[in-house]
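Residue-level listing of the chains:
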Amino acid sequence: MKNLLWLLIGVIGGFVAAHFMNKDPRGHDVLADLDSRITEFTNIVGDAYRAEAARLTEPGAEA
């Protein structure tokens, strides 16, 4: 239970820190850059997943 409390405190603290960081123009730029990098990464992973799924569902695909 104590670990769950620390996890919640950390998550809430992170949201509060991100909120204050987003108010500053430099912090806003940092968060926007981070968001674009995360989006790029998730797009690459999603494309690779869809390509692998398509390859495995093709007729004659070896398992």
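The structure displayed is predicted, hence computed values, not measured ones.

A. Layout of the overall build of the protein. A tally of helices and strands in the protein yields two helices and zero strands. Relative to the globule expectation of 11 Å for 63 residues, the C-alpha radius of gyration of the protein, 20 Å, shows a markedly less compact shape. Counting only C-alpha atoms and orienting by the principal axes, one finds that the protein spans roughly 55 × 40 × 10 Å. Within the protein, the fraction of its 63 residues that count as buried is 3%. Here the protein contributes 6 positive and 9 negative side-chain charges, whose respective centroids are spaced 12 Å apart.

B. Fine view of the pattern of salt bridges. Counted under the stated rule, the structure contains four salt bridges. For the salt bridge of aspartate 24 with arginine 26, the shortest nitrogen-to-oxygen distance reads 3.5 Å.

C. Up close: the packing of helix H1 (residues 2–23) against helix H2 (residues 25–57). As a packed pair, H1 and H2 sit with axes 5 Å apart at the nearest point and diverge in direction by 115°. Contact with H1, carried on its side by Ala18, Met21, Asn22 and Lys23, involves Pro25, Gly27, His28, Val30 and Leu31 of H2 and no other residues of that element. The residue makeup of the contact of H1 with H2, split by class, is five nonpolar, three polar and one charged.

D. Highlighting the environment of alanine 48. On the secondary structure map, alanine 48 appears in helix H2. When the C-alpha atoms of alanine 48 and phenylalanine 15 are compared, they prove to be 31 Å apart, with 33 residues separating the residues in sequence.

E. Here's a closer look at the environment of alanine 32. Positionally, alanine 32 belongs in helix H2. Using a relative accessible area of 41% as the deciding quantity, one classes alanine 32 as partly exposed. Linking alanine 32 and glutamate 58, residues 26 residues apart in sequence, is a C-alpha distance of 39 Å.

Cut-offs used in this document
Residues numbered from 1 in each chain as written. Predicted model: local features only at pLDDT ≥ 70, side-chain atom pairs only at ≥ 80, totals over all residues. Heavy atoms only, no water. Helix = DSSP H or I, 4+ residues; strand = E, 2+ residues; numbered from the N terminus. Rg over C-alpha atoms; globule rule 2.2 N^0.38 Å. Buried < 20%, exposed > 50% of the residue type's maximum accessible area, 1.4 Å probe, protein only. Lys, Arg positive; Asp, Glu negative; His and termini not counted. Charge placed at Lys NZ, Arg CZ, Asp CG, Glu CD. Salt bridge = Lys/Arg side-chain N within 4 Å of Asp/Glu carboxyl O. Axes fitted to C-alpha atoms, helices over the stretch in contact; angles between N-to-C directions. Contact = heavy atoms within 4.5 Å. Nonpolar A, V, L, I, M, F, W, Y, C, P; charged D, E, K, R; others polar.

Taken by themselves, the reported measurements are silent on function.
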